[in-house]
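# Topology and contacts: notes
One-letter residues, chain by chain:
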Amino acid sequence: MSSLFIAPSILASDFARFGEEVQAIDRAGADWVHVDVMDGHFVPNISFGPEVVRAIRPLTPKILDVHLMIAPVDPYLPAFAEAGADIITVHAEAGPHLHRTLQAIRGLGKKAGVALNPATPVSVLEHVLDDVDLILIMSVNPGFGGQSFIPSAVEKVAKVRALVGERPVVIEVDGGVTSETAPAVARAGARALVAGSAVFRGGAAAYADNISAIRKAA
Ligand code: DX5
Ligand code: ZN
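What you see is a predicted model; the values in this text were computed from it and never measured. (Residues numbered from 1 in each chain as written. Chains lettered and ligands numbered in written order. Predicted model: local features only at pLDDT ≥ 70, side-chain atom pairs only at ≥ 80, totals over all residues.)

With that settled, the discussion passes to the overall build of the chain. For the chain, the helix and strand inventory stands at seven helices and eight strands. In terms of C-alpha radius of gyration, the chain reaches 16 Å, essentially the compact-globule figure of 17 Å for 218 residues. The principal-axis extent of the C-alpha atoms belonging to the chain is close to 45 × 35 × 30 Å. Here the chain holds 218 residues, and the buried ones make up 44% of them. A fraction of 64% describes how many contacts in the chain between residues 6 or more apart in sequence connect residues 24 or more apart. (Helix = DSSP H or I, 4+ residues; strand = E, 2+ residues; numbered from the N terminus. Rg over C-alpha atoms; globule rule 2.2 N^0.38 Å. Buried ≥ 20, exposed ≤ 12 C-beta atoms within 10 Å, placed from the backbone. Contact = placed C-beta atoms within 7 Å.)

Laid out in structure tokens, this is it:
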């Protein structure tokens, strides 16, 4: 069985105890830490910026998977790279020069990801397949945690899987992932699963069980 990465989204954590929450999911068996960056412009919500990435970097050795829901995005790439992001994912819809943006991320020595909103066709990926390390299929409209999974994401993951072929590209799914929705996307080819509300529930003592329930289901 190929490996599966569970990436809890700290957007669903208790912000008043942010550092402890990051350490709690690290101990609970998270593979990656997913950081949702929102600007109130590309998406209708505001979350956090590079200084938050910098603050959590010393708290965990896990991969920091930074999902940028911001436009423009290019001017902020160096700040997130320098703050300690490992994977930097940008939205295909966020700017006119996706190829250039991906080159910029790799030029900063980071893994480059592309995210697609639910309505964006996978064909936008066709000419950047050799320039990406990760493709993120949104299974909700970005902006908020706790939304319901959009079922058409499963077919979209399968399409991306076929498009990617033998390339070493990780397919990630984000939004409404639970132990009920994880099996279908994993079967379709997703290897990284972002989960916010399904992980951060029941208090820190429950996080390990919440993570392993998704892992086992997938
Ligand atoms: C949505 C974010 C997601 C979200 C996931 O804009 O990109 O990462 O926080 O949260 P849940 O798992 O609650 O849908
Ligand atoms: Zn996200």
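Next comes the rest of the description.
All right, on to the site of ligand 1 then. With respect to spatial proximity, 21 residues lie near ligand 1, and among them Ser9, Pro142, Gly145, Gly196 and Ser197 are the closest. Within the residue set of the shell around ligand 1, elements represented by two or more residues are strand 2 (32-38) and strand 8 (192-195). Looking at the shell around ligand 1, its residues break down into eight nonpolar, 11 polar and two charged. (Near = placed C-beta within 6 Å. Nonpolar A, V, L, I, M, F, W, Y, C, P; charged D, E, K, R; others polar.)

Let's shift gears to the sheet that holds strand 6 (residues 134-138). As a general point, the strands of a sheet are linked pairwise by backbone hydrogen bonds and lie either parallel or antiparallel. One open sheet accounts for eight strands, arranged 1-8-7-6-5-4-3-2; its pairing is parallel. Edge positions in the open sheet fall to strand 1 (5-8) and strand 2, since each of these has one partner strand only. Neighbouring strand axes in the sheet, compared pairwise and without regard to direction, differ in orientation by 20 degrees on average. When strand 4 (residues 87-91) meets strand 5 (residues 111-116), the two strands line up parallel, connected through five bridges. From the neighbouring strand, His91 faces strand 5, where its bridge partner is Ala115. Its contacts with the sheet put helix 4 (residues 98-107) on strand 4 and strand 5, and the angle it makes with strand 5 is roughly 145 degrees. Helix 7 (residues 207-217) contacts strand 1 and strand 8 of the sheet and is inclined by roughly 140 degrees relative to strand 1. (Pairing = 2+ DSSP bridges. Axes fitted to C-alpha atoms, helices over the stretch in contact; angles between N-to-C directions.)

Next up on the list: unusual backbone geometry. The amide bond that connects Ala71 to the next residue, Pro72, takes the cis arrangement and shows omega of 0 degrees. By secondary structure assignment, the location of Pro72 is in the loop between strand 3 (63-69) and helix 3 (77-83).

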